[in-house]
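What the coordinates show
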Amino acid sequence: MARVLKPGARFVVDTGMAAESILSTRVTKRWYRLGDIFMLSENRYDPVESRLDIDYTFVRGGEVEPRPALSYVFTTGERCRIHREAGLQPLDLFSSPNAEPYQLGSPRLLLVSVVEQASRPVSSA
């Protein structure tokens, strides 16, 4: 991103998957209902891989359909490091577009970074 943005441009990542957002409030098993569909969500956190493994089970009219999913979970510190390595300088961490400060348990992270210097052109290879 730093290579395609002008110096001084802002780049915002908006996510609900920051470690501080999901791991502190994580419920390992939860049922949901939408009309005549029931869904069971069961999850396990793998700290070695920084990965949340989720098993979804959908139930409708006696039919059961399992669906596994996985999500890699990064801390806000890891996200800031990744931005710096990519040529972006992290400026702020917010929990909403109203500039409320991000903190442990905030359901949403908005990481605002800026391009500080011109980056090398994108290669055509």
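The structure this text deals with has already been given above.
Presented here is a report on the structure given in the accompanying data block. (Residues numbered from 1 in each chain as written. Predicted model: local features only at pLDDT ≥ 70, side-chain atom pairs only at ≥ 80, totals over all residues. Heavy atoms only, no water.)

**Some remarks on the sheet that holds strand 1 (residues 10-15)**
Spatial ordering of the open sheet is given by 1-7-6, a layout of three strands whose pairing is antiparallel. Edge positions in the sheet fall to strand 1 and strand 6 (88-94), since each has one partner strand and no second. Strand-to-strand twist of the sheet, defined as the mean angle between neighbouring strand axes without regard to direction, takes the value 25°. Looking at chain direction, strand 6 and strand 7 (residues 109-115) are connected through six bridges and run antiparallel. Note on strand 7: the bridge partner recorded for Asp92 is Val112. Set on the sheet, helix 2 (residues 76-85) makes contact with strand 1, strand 6 and strand 7; between it and strand 6 the angle comes to about 150°. (Pairing = 2+ DSSP bridges. Helix = DSSP H or I, 4+ residues; strand = E, 2+ residues; numbered from the N terminus. Axes fitted to C-alpha atoms, helices over the stretch in contact; angles between N-to-C directions. Contact = heavy atoms within 4.5 Å.)

**Some words on the sheet that holds strand 2 (residues 29-34)**
Within a sheet, adjacent strands bond to each other through the backbone by hydrogen bonds, running parallel or antiparallel. The sheet built from four strands is open, its strands ordered 2-3-4-5 with antiparallel pairing. Sheet topology places strand 2 and strand 5 (63-72) at the edges, where each strand pairs with a single neighbour. Adjacent strand axes in the sheet meet at a mean angle of 20°, parallel and antiparallel pairs treated alike. The sheet contact formed by strand 3 (residues 37-46) and strand 4 (residues 51-60) spans 10 bridges and is antiparallel. Bridge pairing links Ile37 to Arg60 in strand 4.

**Here's the deal with the side chain of Asn43**
Here Asn43 is to be found in strand 3. A polar contact of 2.6 Å, which involves the side chain of Asn43, links it to the side chain of Arg26. (Polar contact = N/O pair within 3.5 Å; in protein donor to acceptor, adjacent residues only side chain to side chain.)

**Some details on the side chain of Arg79**
Within the secondary structure layout, Arg79 lies in helix 2. Notably, Arg79 is buried but unbridged: the nearest opposite-charge side chain belongs to Glu20, and the N-O separation is 6.7 Å. A polar contact of 3.5 Å, which involves the side chain of Arg79, links it to the backbone oxygen of Met17. In this structure Arg79 touches Val13, Thr15, Met17, Ala18, Phe74, Leu109 and Leu111, once residues within four positions along its chain are discounted. (Buried < 20%, exposed > 50% of the residue type's maximum accessible area, 1.4 Å probe, protein only. Lys, Arg positive; Asp, Glu negative; His and termini not counted. Salt bridge = Lys/Arg side-chain N within 4 Å of Asp/Glu carboxyl O.)

**What about a nonpolar patch on the surface?**
A surface patch of nonpolar side chains, about 370 Å² in accessible area, is lined by Leu70, Tyr72, Phe74 and Ile82. Looking at the secondary structure, you find Leu70 in strand 5. Here Leu70 falls in the partly exposed class, since its relative accessible area comes to 48%. (Patch = residues over 30% accessible without salt bridge, like charges linked within 9 Å, V, L, I, M, F, W, Y side chains within 5 Å. Areas by Shrake-Rupley, 256 points an atom, 1.4 Å probe, with all protein chains shown as cover.)

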